[in-house]
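Residue strings, one per chain:
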Amino acid sequence: MLKYKYTVVIPYYKASDTIERLLNSIPEREDIQIVLVVDNCKTIHSVDPTLLKRVSLIWNSSSSAGAGACRNIGILNAFKETFVASYNHCVVILDTS
């Protein structure tokens, strides 16, 4: 059985002003994995370290940049039954079981 039922993949590129609000909006549950894929940034500025303890950080240093490439990297590194992707105006849930 998988450890996580849901995985939330978050592409990140210099969005320190909104990332804390996003991380706080995700419920703290043992069956939710959060994968933050940092897209060609050297660091994550101004993020509360206690929030990052809930997050699996992956650094995208490949030649493929952008939100789509980061989502793909996150999906490949996720342990999930269901993948949740957020796009500005909607949420897409894919059942991968």
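What you see is a predicted model; the values in this text were computed from it and never measured.

With that settled, consider the overall build of the chain. Helix and strand counts for the chain come out as three helices and five strands. Overall, the chain shows an N-to-C arrangement of helices and strands of β-α-β-α-β-α-β-β. Buried positions account for 34% of the 97 residues belonging to the chain. For the chain, the proportion of contacts with a sequence separation of at least 24, taken over those separated by at least 6, is 58%. Total accessible area computed for the chain in this model is approximately 6,300 Å², and 53% of it derives from carbon and sulfur atoms.

Residues at a pLDDT of 70 or more form 77% of the chain, whose mean pLDDT is 77. Taken element by element, the predicted model of the chain shows its lowest mean pLDDT in strand β5 (residues 90-95) (50) and its highest in strand β2 (residues 32-39) (87). Across residues 88-92, where pLDDT falls below 50, the model places seven contacts with residues more than four positions away in sequence or in other chains.

If charged atoms from side chains of opposite charge come close, those side chains can pair. Taken as a whole and assessed by the stated rule, the structure comprises one salt bridge. Notably, a salt bridge pairs Arg-29 with Asp-31, separated by 2.8 Å at the nearest N-O pair. Its relative accessible area of 22% is what places Asp-31 among the partly exposed residues.

Before going further, it helps to examine the side chain of Thr-7. Among the secondary structure elements, Thr-7 is positioned in strand β1 (residues 6-12). Of the residues examined, Thr-7 reaches a relative accessible area of 0% and is grouped as buried. At 2.8 Å, the side chain of Thr-7 and the side chain of Gln-33 are in polar contact.

Our next topic: the environment of Arg-29. Structurally, Arg-29 can be placed in the loop between α1 (16-25) and β2. For Arg-29 and Arg-54, which are 25 residues apart along the polypeptide, the C-alpha to C-alpha distance reads 9.8 Å.

Rules and cut-offs
- Residues numbered from 1 in each chain as written.
- Predicted model: local features only at pLDDT ≥ 70, side-chain atom pairs only at ≥ 80, totals over all residues.
- Heavy atoms only, no water.
- Helix = DSSP H or I, 4+ residues; strand = E, 2+ residues; numbered from the N terminus.
- Buried < 20%, exposed > 50% of the residue type's maximum accessible area, 1.4 Å probe, protein only.
- Contact = heavy atoms within 4.5 Å.
- Areas by Shrake-Rupley, 256 points an atom, 1.4 Å probe, with all protein chains shown as cover.
- pLDDT = per-residue confidence, 0-100.
- Salt bridge = Lys/Arg side-chain N within 4 Å of Asp/Glu carboxyl O.
- Polar contact = N/O pair within 3.5 Å; in protein donor to acceptor, adjacent residues only side chain to side chain.

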